[in-house]
Amino acid sequence: MRYYTTMSALAVLFLFPLVWSGWASMEEPHNYVEMAGFGEGLGTYLTNSVVVSVMTVAGTLFVSALGGYAFARFAFPGKNLLFLATLAILMVPYATVLIPLYVLLGYIGLQNSLVGVALVFVMFQLPFALFMMRNAFEALPKELEEAALVDGCTTFRAFLRILLRAVRPAMVTVGLFAFLASWNDFFAPLILLNDGAGFTLPVAVVSMTQNTFGAIDYGMLQAGVMVMAIPCLILFLVLQRHYVRGFMSGALRG
Amino acid sequence: MTTLTRPRGRAARGGSSSAVAPPPWWRRQGAQGWLYAAPTALIVVVLFLAPLVLVGWMSLNRWPLLGEATLNAPANYTKIADNPLFADAVWFTLKYTVIITVVLSLFALGLALLVQERRPGVGFFRTAFFLPGAVGFAAAALLFYGMLNSDFGPIDPILRTLGIIDEPVSWIGTPNMALFSTITLVLWRFAGFNMLILLTGLQAIPVAVYEAARTDGASRWVIFRRITLPLLRPTIALMLIMSVTGSLLAFDQFFIFTNGGPDNSTVSMVMVIYRDAFLRFDLGGAAALSVVLLIALVALNALQLRVLRRPE
């Protein structure tokens, strides 16, 4: 019994802030109305965030599925070097890459662009995603595609028709991690986006606290917190199993 | 599908004679591997390796946010020593890293041990402890920003009702309170995350080992000291490395929650890099700081791996 008392008290401590924020945001209904009209309009920021997240998830899945297949099934020169270079992304501070990326994306015409931000997110997701996908392909028996290859099927057809279906659980995990990272990240869009209409949600809502010279509307702020948090909470609760698999794989970034 | 493609496949290869001829280049292992790995290589080279080279080059130049860059090596490095904000930030970040790593690790280990065994309702508690981890860190910081506000938030009234305080508390008004509040925020957001990491390690310990110890009459404490801790060592090492790295690179919590204040008392190293680059428009100086941070971090990670992964 003492166990359950302790656990319930801890659960209350962990859940209380979320419950309070939800309640505070709804205490006055106009919080959400004001939130909707804030700055360039909630719709703009929401669209930006959705666009970046969709591009990040799609890009990460595309690159890591092809790459995972390459690393699991083929021998090619430079293979180990490329894998190490990808894992090295984990070793380098975020800021150390983002300062030059701000300049570099300007060179290739992607300054202040949602596409640029999504590409950067794909890069940051790549170590985890490639590791997950390589392991998923390696876990498949070779016989699975061998029959098709012997029959003259190209490796790409075997990949598309047979293997991709078999690694679907790993793709859900990779996609979920990519979504949560791109939807929530604050630092990369803060540095790479510099025009109010192009901001993603976290940057826009944080700017409510820092650019207003008058009083901060705390109720509206919690409405912003809820708009950011609720999609993640729902996705996490629905896909919890797939999330935990990401932890089991041993490929993590802090 | 297999039976359908068989005749076509044979016909395409022109019977048995093709077994002698070498396959065309695109059928060769190496070439195919490279084709599939090409998107990965492109991303890694263009968006990771090229920026690493560029940040090195930028650090050797006077590189204003707008306008031409001019070589000024090694001025960006020598002026780091004259940057009092950075020196303070290094000290503050180290202090923060030590405190957060110790507190967070102990708390997460406690949680992991509490939810380790399967019993009714434990799944709910695991989810409850982890749930803050699903919320973005920026959103979590904004949530605490409102929650700890004396006029708007619920914490002051609750503590007053309980008789713990009798006047409003300025949760981010003094350097010590700002640090304390930030630690609370980080604990709330990351304890479940670290608990989950430790839990994967705990579950990898075979149940038979525990059972054997129990039949030998070992106490709970002895089991924890002699079995759980040693077998959990690699997982603890992973958690410590992630916590140290994450804390040394702390930005969001101080930028959003305390905004570096009061009086620049909570300015982290990455915040100085950000301020140099985008408030003082000195990208060269920011690049030099980034290079120093990179070297320090790689050295520290190598050292940590060496110390923590060594068997007892």
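Residues numbered from 1 in each chain as written. Chains lettered and ligands numbered in written order. Predicted model: local features only at pLDDT ≥ 70, side-chain atom pairs only at ≥ 80, totals over all residues.

## Quick look at the overall build of chain B
Regarding its fold elements, chain B presents 13 helices and two strands. Against the 2.2 N^0.38 benchmark of 20 Å for 312 residues, chain B shows a C-alpha radius of gyration of 27 Å, more extended than a compact globule. For the C-alpha atoms alone, the extent of chain B along its principal axes is close to 95 × 75 × 45 Å. Across the 312 residues that make up chain B, the buried fraction comes to 35%. Counting only contacts in chain B whose residues sit at least 6 apart along the sequence, the fraction spanning at least 24 positions is 71%. (Helix = DSSP H or I, 4+ residues; strand = E, 2+ residues; numbered from the N terminus. Rg over C-alpha atoms; globule rule 2.2 N^0.38 Å. Buried ≥ 20, exposed ≤ 12 C-beta atoms within 10 Å, placed from the backbone. Contact = placed C-beta atoms within 7 Å.)

## Overview of the overall build of chain A
Within chain A, the secondary structure is distributed over 13 helices and zero strands. Seen through its principal axes, chain A has C-alpha atoms that stretch 70 × 60 × 30 Å. In chain A, which comprises 254 residues, the share counted as buried stands at 49%. Put simply, 83% of the contacts in chain A that link residues at least 6 apart link residues at least 24 apart.

## Brief notes about helix 2 (residues 29-58) of chain B
At Ala37(B), helix 2 of chain B shows its maximal kink, close to 55°; a proline, Pro39(B), follows between one and four residues later. Listed in full, the buried residues belonging to helix 2 of chain B are Gln32(B), Gly33(B), Tyr36(B), Ala37(B), Thr40(B), Ile43(B), Val44(B), Leu47(B), Phe48(B), Pro51(B), Val55(B) and Met58(B). (Bend = angle between axes of the 7 residues up to and from the residue.)

## As for the interface of chain B and chain A
Taken together, the contact between chain B and chain A spans 74 residues of the former and 75 residues of the latter. The element contributing the most residues to the side of chain B that touches chain A is helix 2 of chain B, with 21 residues. Of the residues assigned to the side of chain B that touches chain A, the class counts are 51 nonpolar, 19 polar and four charged. (Nonpolar A, V, L, I, M, F, W, Y, C, P; charged D, E, K, R; others polar.)

## Focus: the packing of helix 9 (residues 168-184) of chain A against helix 12 (residues 218-238) of chain A
All names here are of chain A. Helix 12 packs onto helix 9 with a crossing angle of 165° between their chain directions and a minimal axis gap of 11 Å. Judged by the angle between their axes, helix 9 and helix 12 are roughly antiparallel. Read as a crossing pair, helix 9 and helix 12 show a hand that is left-handed. Counted together, Leu-176, Phe-179, Leu-180, Trp-183 and Asn-184 of helix 9 and Pro-231, Cys-232 and Leu-235 of helix 12 form the full contact between these two elements. Across the contact of helix 9 with helix 12, the residue classes break down as seven nonpolar, one polar and no charged. (Axes fitted to C-alpha atoms, helices over the stretch in contact; angles between N-to-C directions. Parallel < 35°, antiparallel > 145°, perpendicular 65-115°, else oblique. Left-handed = near helix turned anticlockwise from the far one by under 90°.)

## Some points on the UniProt feature "transmembrane region" (unreviewed entry) in chain B
Residue and element names in this part refer to chain B. UniProt tags residues 34-58, 94-115, 127-148, 186-210, 231-257 and 277-303 as "transmembrane region" (unreviewed entry). Taken end to end, residues 34-58 is 100% helix and 0% strand, and its first and last C-alpha atoms sit 32 Å apart. Helix makes up 86% of residues 127-148 and strand 0%, whereas the separation of the span's terminal C-alpha atoms amounts to 25 Å. (UniProt positions renumbered as here; feature names shortened; annotations may be inferred.)

## Focus on unusual backbone geometry
The residue after Ala73(B), namely Pro74(B), is reached through a cis peptide bond having omega -5°. Residue position: Pro74(B) is located in the loop between strand 2 (70-71) and helix 3 (75-78). The residue after Gly261(B), namely Pro262(B), is reached through a cis peptide bond having omega -5°. Secondary-structure assignment places Pro262(B) in the loop between helix 11 (252-258) and helix 12 (269-278). A positive phi is found at Asn112(A), a non-glycine position, where the angle reads about 55°. Note on placement: Asn112(A) falls in the loop between helix 5 (94-107) and helix 6 (114-138). Since 14 C-beta atoms lie within 10 Å of it, Asn112(A) is described here as partly exposed. The backbone phi angle of Asn259(B) is positive, close to 50°, even though this residue is not glycine. Mapped onto the elements of the fold, Asn259(B) is located in the loop between helix 11 and helix 12. For Asn259(B), a count of 18 C-beta atoms within 10 Å corresponds to the partly exposed category.

## Concerning the environment of Met271(B)
Residue and element names in this part refer to chain B. Here Met-271 shows up in helix 12. Taking the C-alpha atoms as reference points, Met-271 and Phe-255, 16 residues apart in sequence, are found 7.1 Å from one another. The residues touching Met-271, leaving out its near neighbours within four places in the chain, are Ala-89, Phe-251, Phe-254, Phe-255 and Gly-260.

## Topic: helix 12 of chain A
In a regular helix each residue adds 1.5 Å, so 21 residues correspond to 30 Å; helix 12 of chain A covers 30 Å between its end C-alpha atoms and thus fits that length. Largest kink in helix 12 of chain A: about 35°, centred on Ala229(A), with the proline Pro231(A) one to four residues after it. (Expected span 1.5 Å × (residues − 1).)

## With respect to the environment of Phe251(B)
Mapped onto the elements, Phe251(B) comes out in the loop between helix 10 (220-248) and helix 11. Look at Phe251(B) and you get buried, because 20 C-beta atoms sit within 10 Å. Separated by 23 residues in the primary sequence, Phe251(B) and Tyr274(B) place their C-alpha atoms 9.2 Å from one another. Beyond its immediate chain neighbours, meaning those up to four positions away, Phe251(B) contacts Phe187(A), Ser268(B), Val270(B) and Met271(B).

## Looking at the environment of Leu42(B)
Residues and elements named next belong to chain B. By the secondary structure assignment, Leu-42 is in helix 2. Accessibility expressed as a C-beta count within 10 Å gives 11 for Leu-42, which makes it exposed. Distance from Leu-42 to Met-58, taken between C-alpha atoms, is 22 Å for residues 16 residues apart in sequence.

## Some remarks on the confidence of the model for chain B
Caution applies to low-pLDDT parts of the model: their predicted coordinates are not meant to be read in detail. Residues and elements named next belong to chain B. For chain B, the average pLDDT comes to 87, and 90% of its residues sit at 70 or higher. pLDDT under 50 marks residues 1-18. Its contacts with residues more than four places away, or in other chains, come to 14 contacts. Interface confidence for the predicted complex, given as ipTM, is 0.92, next to a pTM of 0.90. (pLDDT = per-residue confidence, 0-100.)

## Things to note about the packing of helix 6 of chain A against helix 2 of chain B
Look at helix 6 of chain A against helix 2 of chain B: their axes get within 10 Å of each other, and the N-to-C directions meet at 125°. By the angle class used here, helix 6 of chain A and helix 2 of chain B are oblique. Crossing of helix 6 of chain A against helix 2 of chain B: the hand is left-handed. Where helix 6 of chain A approaches helix 2 of chain B, its residues Leu119(A), Val120(A), Val122(A), Met123(A), Leu126(A) and Leu130(A) are matched on the opposing element by Thr40(B), Ile43(B), Val44(B), Leu47(B) and Phe48(B). Here the contact of helix 6 of chain A with helix 2 of chain B is built from residues that sort into 10 nonpolar, one polar and no charged.

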